[in-house]
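# Structural description and commentary
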Amino acid sequence: MKTLIQSKFIAALVGAALMLYAQVSAAPFAQPNWAAAATSQYVPGEVLVKFKPAAVALVRTASVAALGHTILAHLEQPGWTHVKLAAGQSVTEALVAYQNDPNVEYAQPNYIYHTAAVPSDPQYAQLWAFKNTGQTVGTFPPNIGTAGDDMNIERAWDHITDCSSVVVAVVDSGVNYTQEDLAANMWNGGSSFPNHGKDFVDNDLDPMDLNGHGTHVAGIIGAAGNNAKGTTGVCWMASIMAVRVLNAMGSGTTANITQGINFAVTYGAKVINMSLGSGGAFDQIFSDAITTARNSDVVVVVSAGNSTSDNDVTAHYPCNFTQLNLVCVAALDQNYALASFSNWGATSVDVGAPGTNILSTWAGAEGTIADNFNTTGVLNWTTSGGGWTYGQRTVSGTLFDFLLDPGTFPSGAYVNNADNRVYKTFNLSGFNAATLNFRMQLAIPLGDSLNLNYRNSGGDPFAGGIQLNGGSGSTGGFIAPFSFDLSPCISVACSVGFQLVSDATSAPAGSGAGILRFSIDTLTINTSSYNTISGTSMATPEVAGLAMMLRAYNPQYTYADTVGAIKNGGRSVAALAGKTTTGKAVDVMSSLAYINPPTGLMATVQ
Amino acid sequence: MRCWRRGQRIGLVMAAAGLVAGSACSQTPSDPAPKPMDLSSRQTRVPGEYLVTLVAGADVKAIADLYGRYGIKGTQDLGRNLFLVRLTEDPGPAKLEELRGQNAQIKAVQPNFVYRGNGRGNIQ
Amino acid sequence: MKIRLAAVVLIALALAGCGGGGGGGSSPPPVTNHTVTLAWAPNHEKGVNSAGGGYQVAISGQPTINVPYVSGLTAPTSTVTTLSTGTYTVTVRAYAALDAQGGSAGSLSAPSQSLIVNVP
């Protein structure tokens, strides 16, 4: 017994002597990587210390106590100790101190490792905007990107995923609020607005999307995240208000849109997304609505447009409005170049965000009923009054099927006093929306008329049908695209037809009409459709989603704070330099950590 | 007289309004070489539709007084003294603005502009 | 006796009239200390107004004043300091624990617009 005590005592003495010795000459050992430590995340006020095997527990305790630290835990690996520093002492200082302790083999910060909050949504790997790994997505070129060129959002999800305290209004073609990945994230409008918003196209309370565009935008903002379904939005939980101002063809007016904005503001939206635009004249009433939104502290995020043009030269509205609560967004591709279609503007466009090959929720299943007018070369449409016939023409080296009147068009001319009708009946029952698309070359002088009609009970659409358009006109020798909303014709027998009416004056040579690429494109609303499309329309909701996240994270944030964090927290990107006011692509984590400079500094001297 | 224009894409809206011909739609036999397709000829405003703002407290009758000569198909109250007016004949925004000066009850008049979604990439 | 006293007074008066630094002239203004209260509008970031957040007040030629969040809904938005006669440039920066990598190494705002403070 005595021997044991003696030997422990001697060991302690030896240890102390060694320590004393070490003070004079510190044993060298592996240096931690200071550079890595400077940029890595680590827990402030803590270090991990690996003592040498010879340093018994007493020695370790003494080493730590000598620096004024406390031991938090002995880790499973022998010799590793989890140490808490004294108040006010930095990790760097502590690491230096332990380096000089001869009992210490190695010391390092207590690094933080993230699971990087990757949500469980099965389509997540396609969302290059949130995580660009260089994956191939979609077909719009270039469809393969550069790893790292994304919105840097995953780290932000460690801090916030539920943004449902902030209502975001999607002012668009409506939203399919039954879509499986959106239903849980729709705004609760109570009994007044049971369908989560309002429809200003049909002036009713059903903002169901008959196009797909609005549903896609809504999904980018707030498709339910981490729910093992589909995709995720910028936030995993959201409150999306559906405001329908664009019809089934994606078109809307000042009247619809300003009513939509006023509705969103009145019912508490704090962010409004408008992925729409017009190259045209300054619209005072639209501008006034944005001012109203600003006065109610609402952030408005809009798209720059898709005409590859400079908005500083040709104004594009609402992008070019100048209110301080407005943010205009350009589109970037998977390599963070400006998307080939994207507008820009050194003073009119603010930031960029991913806008090509974006996967998101869709309104339903799309179909096409294409018609080539003939059966084995013979017109199979019903005619009356003659004139119309089937023929083929070569356009840019490709042979197409045509509906022609006269049959020699674009040579010759049709007869005088004609009432030439041609129509066909289609079964459109079961569809929710239908768009008539065709291309046409036309040369009809004043006095004559080409009419387009439909009839939703079948038969001759020019006997009791509805006219979609009609009159004289010319496409100047070119073939032009035409689209019409055929939704009112949805029935088992929807007849669509063309009628050429001529007066007694002979039409000049070259008069007539030729129609090609005729199709009726249909939409059937369902709960499980997704789609990958491109546009500044897709970049815009990413920024609206960021605005939503910032306002949810910082409940006191004003529109000015939010816009400041979006613009200043972005990442400088070469493609946006000189093309936007900030030269930046949005960066979610950086914006979340951004702090607006204080204001209102005053001094009182006594 | 109605007319077709190249590249028009509006469905229901066009059907509701009666198009006004304008000289842009006529085509003479001796027309010169074809012009390139002009996308700006796409509708930027709804023909025949105007947004009229009245002075606060003004009577909506002022709209018919001033613009009734063109045939008023309908007037929709959008609130806040703003009305959507549909005319049978469309004399154009410049003419309506010129007339506005004759009636102090009407604060402003402008077209009902058309906007489109910016999705699907660079679509025509 | 009287003459001596008078001479002392005269000399004292003459000396008083000399001021500092020889060769005649007026006396320099006295250097005095003043209490200065600096105040600013509150930042709206949650991080500034919670643990690890606050403000830094920079005064030219002076050590930076740290104004940390302590408790309650907001961090303090004023500080009181003593400054001696002179002209000072003051700026305020806000800070929070959350950094741009998602850790807690901290973020600091850009400085506020500067304020010139004249202490008499």
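From a predicted model like this one, the values you see are computed outputs, not experimental measurements.

## Some remarks on the overall build of chain C
In terms of helices and strands, chain C carries 1 helix and 7 strands. Along the chain direction, N to C, the helices and strands of chain C fall in the order α-β-β-β-β-β-β-β. Out of the 120 residues in chain C, the part that is buried amounts to 25%. Put simply, of all contacts in chain C between residues at least 6 apart along the chain, 58% involve residues at least 24 apart.

## Looking at the overall build of chain B
Scanning chain B from N- to C-terminus turns up 3 helices and 4 strands. Along its sequence from the N terminus, chain B presents helices and strands in the succession α-β-α-β-β-α-β. Contacts spanning at least 24 positions in sequence make up 63% of the contacts within chain B whose residues lie at least 6 apart.

## Section: the confidence of the model for chain B
Residue and element names in this part refer to chain B. Model confidence for chain B is summarised by a mean pLDDT of 72, while 63% of its residues fall at 70 or above. Taken element by element, the predicted model of chain B shows its lowest mean pLDDT in helix 1 (residues 12–16) (25) and its highest in strand 3 (residues 82–87) (97). Note that residues 7–41 has pLDDT below 50 and, in this model, 69 contacts with residues that lie over four places away or in other chains.

## Section: the nonpolar core
Residue and element names in this part refer to chain A. If you look at the biggest cluster of nonpolar residues, it comprises 143 residues, and the most contacted ones within it are Val168, Val170, Ile240, Met548 and Met549. In terms of residue count, helix 8 (residues 536–553) provides more of this core than any other element does, 11 residues in total. Apart from residues lying up to four places away in sequence, Val170 is in contact with Val175, Gly214, Val217, Ala218, Ile221, Ile240, Met241, Ala242, Val243 and Asn273. In this structure, Trp362, Leu428, Leu450 and Ala507 belong to the second largest nonpolar core, which totals 50 residues.

## Considerations on the interface of chain A and chain C
Facing the 28 residues of chain A at the interface are 37 residues of chain C. Only helix 10 (588–593) and strand 32 (602–605) of chain A provide two or more residues apiece to the side of chain A that touches chain C. Of the residues belonging to the side of chain A that touches chain C, the class tally is 14 nonpolar, 11 polar and 3 charged. Relative to strand 1 (residues 33–39) of chain C, strand 32 of chain A is paired through 4 bridges, and the arrangement is antiparallel. In the strand pairing of strand 1 of chain C, Ala603(A) is matched with Leu38(C).

## Points about the packing of helix 8 of chain A against helix 9 (residues 559–568) of chain A
Residues and elements named next belong to chain A. Their axes nearest at 10 Å, the elements helix 8 and helix 9 cross at an angle of 125°. Here helix 9 runs oblique to helix 8, going by the angle between their axes. Handedness of the crossing formed by helix 8 with helix 9: right-handed. Of helix 9, the residues touching helix 8 (which contributes Val543, Leu546, Ala547, Leu550 and Arg551) are Thr562, Ala565 and Ile566.

## Let's talk about the confidence of the model for chain C
All names here are of chain C. In the predicted model, chain C carries a mean pLDDT of 86, and 79% of its residues have values of at least 70. A low-confidence stretch, residues 14–22 stays under pLDDT 50, and its non-local contacts, those more than four residues away or across chains, total 6 contacts. Scoring the predicted complex yields pTM 0.80 and, for the interface, ipTM 0.80.

## A closer look at the sheet that holds strand 7 (residues 237–244) of chain A
Residue and element names in this part refer to chain A. Read across the sheet, 9 strands follow the order 6-7-5-9-11-12-13-31-30 without closing on themselves; strand pairing throughout is mixed. In this open sheet, the two strands that pair with only one neighbour each are strand 6 (197–199) and strand 30 (571–572). Looking at chain direction, strand 11 (residues 299–303) and strand 12 (residues 326–332) are connected through 4 bridges and run parallel. Bridge pairing links Val302 to Cys328 in strand 12. Those strands touched by helix 9 are strand 11, strand 12 and strand 13 (351–354), and its axis lies near 40° from that of strand 11.

## Some points on the pairing of strand 3 (residues 65–68) of chain C
Relative to strand 3 of chain C, strand 2 (residues 54–59) of chain C runs antiparallel, the two being bridged by 4 bridges. Note on strand 3 of chain C: the bridge partner recorded for Gly54(C) is Pro68(C).

## Quick look at helix 3 (residues 57–66) of chain A
All names here are of chain A. For helix 3, the complete set of buried residues consists of Val59, Arg60, Ser63 and Val64. One side of helix 3 carries all its buried residues, which in axial view fall inside an arc of 130°. Looking at helix 3, the residues exposed on the side facing more than 90 degrees away from the buried face are Ala57, Leu58, Ala65 and Ala66. Once helix 3 ends, the next one or two residues include Gly68, with phi positive near 80°.

## A word on the packing of helix 6 (residues 254–266) of chain A against helix 7 (residues 284–295) of chain A
Residue and element names in this part refer to chain A. As a packed pair, helix 6 and helix 7 sit with axes 9 Å apart at the nearest point and diverge in direction by 5°. Viewed along their axes, helix 6 and helix 7 adopt a mutual orientation that is roughly parallel. For the pair formed by helix 6 and helix 7, the contact residues are Thr254, Ile257, Thr258, Ile261, Asn262 and Val265 on the first element and Ile285, Phe286, Ala289, Thr292 and Ala293 on the second.

## So, the sheet that holds strand 32 of chain A
With antiparallel pairing, the 3 strands of this open sheet are ordered in space as 32(A)-1(C)-4(C). Because the sheet does not close on itself, it has two edges, and the strands there are strand 32 of chain A together with strand 4 (78–84) of chain C. For this sheet the average axis-to-axis angle between neighbouring strands, irrespective of direction, equals 25°.

## Regarding helix 9 of chain A
Among all positions in helix 9 of chain A, only Tyr559(A), Asp561(A), Thr562(A), Val563(A), Ala565(A) and Ile566(A) are buried. Each element contacted by the buried residues of helix 9 of chain A is listed here: helix 7, strand 11, strand 12, strand 13, helix 8 and helix 10 of chain A.

## Some details on unusual backbone geometry
Geometrically, the link from Pro141(A) to Pro142(A) is a cis peptide bond, its omega value of -10° lying close to zero. Inspection of the secondary structure puts Pro142(A) in the loop between strand 4 (104–111) and strand 5 (162–172). Omega for the peptide link from Tyr317(A) to Pro318(A) comes to 10°, which places this bond in the cis form. Looking at the secondary structure, you find Pro318(A) in the loop between strand 11 and strand 12. A positive phi angle, close to 50°, is found at Thr308(A), a residue other than glycine. Counting through the fold element by element, Thr308(A) comes out in the loop between strand 11 and strand 12. Residue classification places Thr308(A) among the partly exposed positions, given that 13 C-beta atoms sit within 10 Å. The backbone of Arg80(B) sits at a positive phi, close to 55°, despite the residue not being glycine. You can call Arg80(B) partly exposed: it has 14 C-beta atoms within 10 Å.

Rules of the game
- Residues numbered from 1 in each chain as written.
- Chains lettered and ligands numbered in written order.
- Predicted model: local features only at pLDDT ≥ 70, side-chain atom pairs only at ≥ 80, totals over all residues.
- Helix = DSSP H or I, 4+ residues; strand = E, 2+ residues; numbered from the N terminus.
- Buried ≥ 20, exposed ≤ 12 C-beta atoms within 10 Å, placed from the backbone.
- Contact = placed C-beta atoms within 7 Å.
- pLDDT = per-residue confidence, 0-100.
- Core = buried A, V, L, I, M, F, W, Y, C linked by C-beta atoms within 7 Å.
- Nonpolar A, V, L, I, M, F, W, Y, C, P; charged D, E, K, R; others polar.
- Pairing = 2+ DSSP bridges.
- Axes fitted to C-alpha atoms, helices over the stretch in contact; angles between N-to-C directions.
- Parallel < 35°, antiparallel > 145°, perpendicular 65-115°, else oblique.
- Left-handed = near helix turned anticlockwise from the far one by under 90°.
- Arc of directions from axis to C-beta.

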